[in-house]
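Architecture and fold: a report
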Amino acid sequence: MIRSNRLNIVCILVVGFLSACSPYIYKNDVKKFAEGVDQATGAFNGLHDRVRKIYTDQELNLLATQGEPLRISEECTGVTTFDSQGNPGQLVADTRCLSMWSEWRSTDKHQRGDPPECPKNTSIAVREGRLAYYDFEALGKEESQRCELGVKTVDKKVDPRPLKEAEVLLVETPRLLQVLRAYGYSLAAIAGAEDRDALQSSVDEAKQAINGLAARVDKITGDDKQTLTVSVGLVGDLVGTALIAGLDYRRYKALQNVTAAADPSIQRAAMLLSQVSMPMVTIELQNAGAVYLDKVSVTNDRPKNQDWRAAYANARKARGAYLDLFNIGPSAVFQSMGDAHKELTKALQDSKRQRDALQESLQDFISKANSAYETFTQETAIEE
Amino acid sequence: MPQIKPSDYMTTATDEVGIALRTTRTEWLAASGQKRIELKQAYNDLLARLQRLMFRDLKQIDRDPQIKQAIDDLRDLTILIAKARREMTTATKAIKRAQNIIGYVDKILGIIGKVGIV
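Cut-offs used in this document
Residues numbered from 1 in each chain as written. Chains lettered and ligands numbered in written order. Predicted model: local features only at pLDDT ≥ 70, side-chain atom pairs only at ≥ 80, totals over all residues. Heavy atoms only, no water. Helix = DSSP H or I, 4+ residues; strand = E, 2+ residues; numbered from the N terminus. Areas by Shrake-Rupley, 256 points an atom, 1.4 Å probe, with all protein chains shown as cover. Contact = heavy atoms within 4.5 Å. Pairing = 2+ DSSP bridges. Disulfide = S-S within 2.5 Å. Buried < 20%, exposed > 50% of the residue type's maximum accessible area, 1.4 Å probe, protein only. Salt bridge = Lys/Arg side-chain N within 4 Å of Asp/Glu carboxyl O. Buried area = accessible area lost by both parts, 1.4 Å probe. Polar contact = N/O pair within 3.5 Å; in protein donor to acceptor, adjacent residues only side chain to side chain. pLDDT = per-residue confidence, 0-100. Core = buried A, V, L, I, M, F, W, Y, C linked by side-chain atoms within 4.5 Å. Axes fitted to C-alpha atoms, helices over the stretch in contact; angles between N-to-C directions. Parallel < 35°, antiparallel > 145°, perpendicular 65-115°, else oblique. Left-handed = near helix turned anticlockwise from the far one by under 90°. Nonpolar A, V, L, I, M, F, W, Y, C, P; charged D, E, K, R; others polar.

A few points about the overall build of chain B
Each helix and strand counted, chain B has three helices and zero strands in total. Counting from the amino terminus, helix and strand elements in chain B follow one another as α-α-α. Total accessible area computed for chain B in this model is approximately 7,900 Å², and 59% of it derives from carbon and sulfur atoms.

This is the structure in structure tokens:
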């Protein structure tokens, strides 16, 4: 009995120590951070889409002005008809070959002769007379390469680059956003309760099994006082709680270590994203600014009464649209994201620290990310 | 003689467009009637030219090795987090295994009880 009491005391102390560090008090904070990253990513992508449309429009306009004819390789559509050497394309050749095999198989065994000689470009399975599913997808991928749209080069080849270039603006930065989102989700998964619930349920089931086992042993040994069942039940409760607290502690440590290790990278990524956003916001500002100039210059034509009032209202609106963009661009959102992550890292490093600063910075991040998301996921910002 | 870089041409071209843009803006803001409309069009054309130069710069900024480095760093971190999460789920698995063993012991004890060994 004395040994059992000692064990209980040790367990209580261990549990007390471990449960002081629970990641679950940060569960909502981490979730908010991940949601903010999601919104910020959406805002950036929205801005990127809008600016890319302007870019593509300008590039295609330039190509249209030059009036260069579009070109494709002579091999394009050869697979469905005949190739440039005059051989049947694969689909025509395979159809021919399937028919030849069918004819060969329909002929009496003694009169068949050699297997059919299929045309050039026949695919292997069909040539060998084997049954197989037709892989149109792979063929489509090859054809998409052959049928690339382009313009004529000096040496009369097809150059798809000017057209491809016109369609794509940013390549690397969207990838940075993807890994940033993945980071946010992973962090939320550590702080989340799913694994904990699974562990709790396993512990409950294990406790039941141990109690059942102890009761059986008590019965077999004829112990009417059920000494083992009582002791095991007590220790089982404490061990279960200790296991949960142990998991909490490990999660907390993981969150602490990960955020501390990630913070310099997050700060760098936030600054890079802020920098890449800047020229895109500038393009939007230039267009909004041009609209404002136009609305003001209309009054040079000396409109009277109601027309003047309408022009004034339009000019004010255009001014607002122009100036608002300075405050809701993703640049500020990413700065706010960096600050929120820093506060989260600090709070996790020192659990005695007040969480007010963390709450405040998360709120600031979420609110800026939401505004930017709402603005930049709209089709256009500027009303002409 | 210092070597001329592509960015030097870009800077010169941007400056040229900028000067024309500024002059056009001044005239546009003071003009009226048809002239105002023409100057507006001229301003928008010049703005499109400036933006084309800015798009070239933006594409160059996107190719900055610092961005690739940041992608690699964050990807490494996410892999580390995934590893940490896997280690945590093993705690649940260990308990399940212990539970199974208890189940077997329970069965053995049942048989022992029945045959009256203990």
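That was the structure; now back to the text.
Side note on the overall build of chain A
Each helix and strand in chain A was counted, giving twelve helices and three strands. A fraction of 78% describes how many contacts in chain A between residues 6 or more apart in sequence connect residues 24 or more apart. Carbon together with sulfur atoms contributes 54% to the accessible area of chain A, which is approximately 21,800 Å² in total.

Observations concerning the sheet that holds strand E3 (residues 158-159) of chain A
Residues and elements named next belong to chain A. On the basis of which strands lie adjacent, the open sheet formed by three strands has the order E1-E2-E3 and antiparallel pairing. Looking at which strands have only one partner, the edges of the open sheet turn out to be strand E1 (70-71) and E3. Examined bridge by bridge, strand E2 (residues 150-152) and E3 share two bridges and lie antiparallel to one another. Following the sheet pairing, Val-151 is matched in E3 by Asp-159.

Considering the state of the cysteines
Put plainly, two cysteines are in a disulfide when a covalent bond ties their sulfur atoms together. All names here are of chain A. Overall, the coordinates contain two disulfides over all chains when judged by the stated rule. Disulfide pairing is shown between Cys-76 and Cys-147; the S-S distance is 1.9 Å. Across the S-S bond linking Cys-76 and Cys-147, the dihedral sits near 100 degrees, which makes this disulfide right-handed. A residue pair is termed long-range when its members are at least 10 positions apart, and Cys-76 in the loop between E1 and helix H3 (90-106) and Cys-147 in the loop between helix H5 (136-146) and E2 qualify at 71 residues. What makes Cys-76 buried here is its relative accessible area of 12%. A relative accessible area of 24% places Cys-147 in the partly exposed class. Note on cysteine connectivity: Cys-97 is disulfide-linked to Cys-118, with sulfurs 1.9 Å apart.

A word on the pattern of salt bridges
Counting across every chain of the model gives 18 salt bridges over all chains. A salt bridge links Asp-38 of chain A to Arg-181 of chain A; the shortest N-O distance between them is 2.7 Å. On the criterion of sequence distance, the pair formed by Asp-38 of chain A in helix H2 (residues 27-66) and Arg-181 of chain A in helix H7 (residues 172-191) is long-range, its members being 143 residues apart. Notably, a salt bridge pairs Arg-130 of chain A with Glu-128 of chain A, separated by 2.8 Å at the nearest N-O pair. Connected via shared salt-bridge partners are Asp-294 and Asp-301 of chain A together with Arg-36 and Lys-40 of chain B.

Structural notes on the interface of chain A and chain B
Opposite the 64 residues of chain A that make contact, chain B presents 50 residues. The contact between chain A and chain B buries some 5,300 Å² in all, and 67% of this surface belongs to carbon and sulfur atoms. At the junction of chain A and chain B, the tally comes to seven salt bridges. Across the pair Asp-294 of chain A and Arg-36 of chain B runs a salt bridge whose closest N-O atoms are separated by 3.5 Å. Along the contact surface separating chain A from chain B lie 20 residue pairs in polar contact (both at pLDDT 80 or more). Of all the elements in the fold, those that place two or more residues in the side of chain A that touches chain B are H2, H7, helix H8 (194-221) and helix H9 (227-297) of chain A.

Focus on the environment of Val-291 of chain A
All names here are of chain A. By secondary structure assignment, the location of Val-291 is in helix H9. The exposure class assigned to Val-291 is buried, which follows from its relative accessible area of 6%. Sequence separation of Val-291 and Ala-93 is 198 residues, and the distance between their C-alpha atoms is 60 Å.

Details of the confidence of the model for chain A
Mean pLDDT over chain A works out to 86, with 89% of the residues at or above the 70 mark. Confidence, read as mean pLDDT per element, is least for helix H1 (residues 2-19) of chain A in chain A (52) and greatest for H3 of chain A (95).

A few points about the side chain of Asp-73 of chain B
Here Asp-73 of chain B is to be found in helix H3 (residues 65-115). Judged by relative accessible area, which is 18%, Asp-73 of chain B ranks as buried. Of the polar contacts made by the side chain of Asp-73 of chain B, one reaches the side chain of Arg-268 of chain A; its length is 2.6 Å. Contacts of Asp-73 of chain B, omitting those with residues within four sequence positions, involve Ser-265 and Arg-268 of chain A.

Re the nonpolar core
As a rule of thumb, nonpolar side chains are buried together in soluble globular proteins. Counting residues in each nonpolar core, the largest one holds 72 residues, and the members touching the most others are Phe-33, Leu-176, Leu-187, Met-337 and Phe-365 of chain A. Contributing elements (two or more residues each) for this core: H2, H7, H9, helix H11 (330-349) and helix H12 (356-376) of chain A together with helix H1 (6-30), helix H2 (33-62) and H3 of chain B. Broken down by element, the residue count for this core peaks at 18 residues, all from H9 of chain A. What Phe-365 of chain A contacts, discounting residues up to four positions off in sequence, is Phe-33, Gly-36, Val-37, Ala-40, Val-333, Ser-336, Met-337 and Ala-340 of chain A.

Some remarks on the packing of H2 of chain A against H2 of chain B
Direction vectors running N to C along H2 of chain A and H2 of chain B enclose 115 degrees, while the axes themselves pass 10 Å from each other. In terms of orientation, H2 of chain A lies roughly perpendicular with respect to H2 of chain B. When the axes of H2 of chain A and H2 of chain B are compared, the crossing they make is left-handed. Along the contact surface, H2 of chain A presents Val-51, Ile-54, Tyr-55, Gln-58, Glu-59 and Leu-62 of chain A, while H2 of chain B presents Ala-48, Gln-51, Arg-52, Phe-55, Arg-56 and Lys-59 of chain B. Broken down by class, the residue content of the contact of H2 of chain A with H2 of chain B amounts to six nonpolar, two polar and four charged.

Topic: the environment of Gly-222 of chain A
By the element assignment, Gly-222 of chain A lies in the loop between H8 and H9. Considered as a pair, Gly-222 of chain A and Asp-114 of chain A are 108 residues apart in the sequence and their alpha carbons are 87 Å apart.

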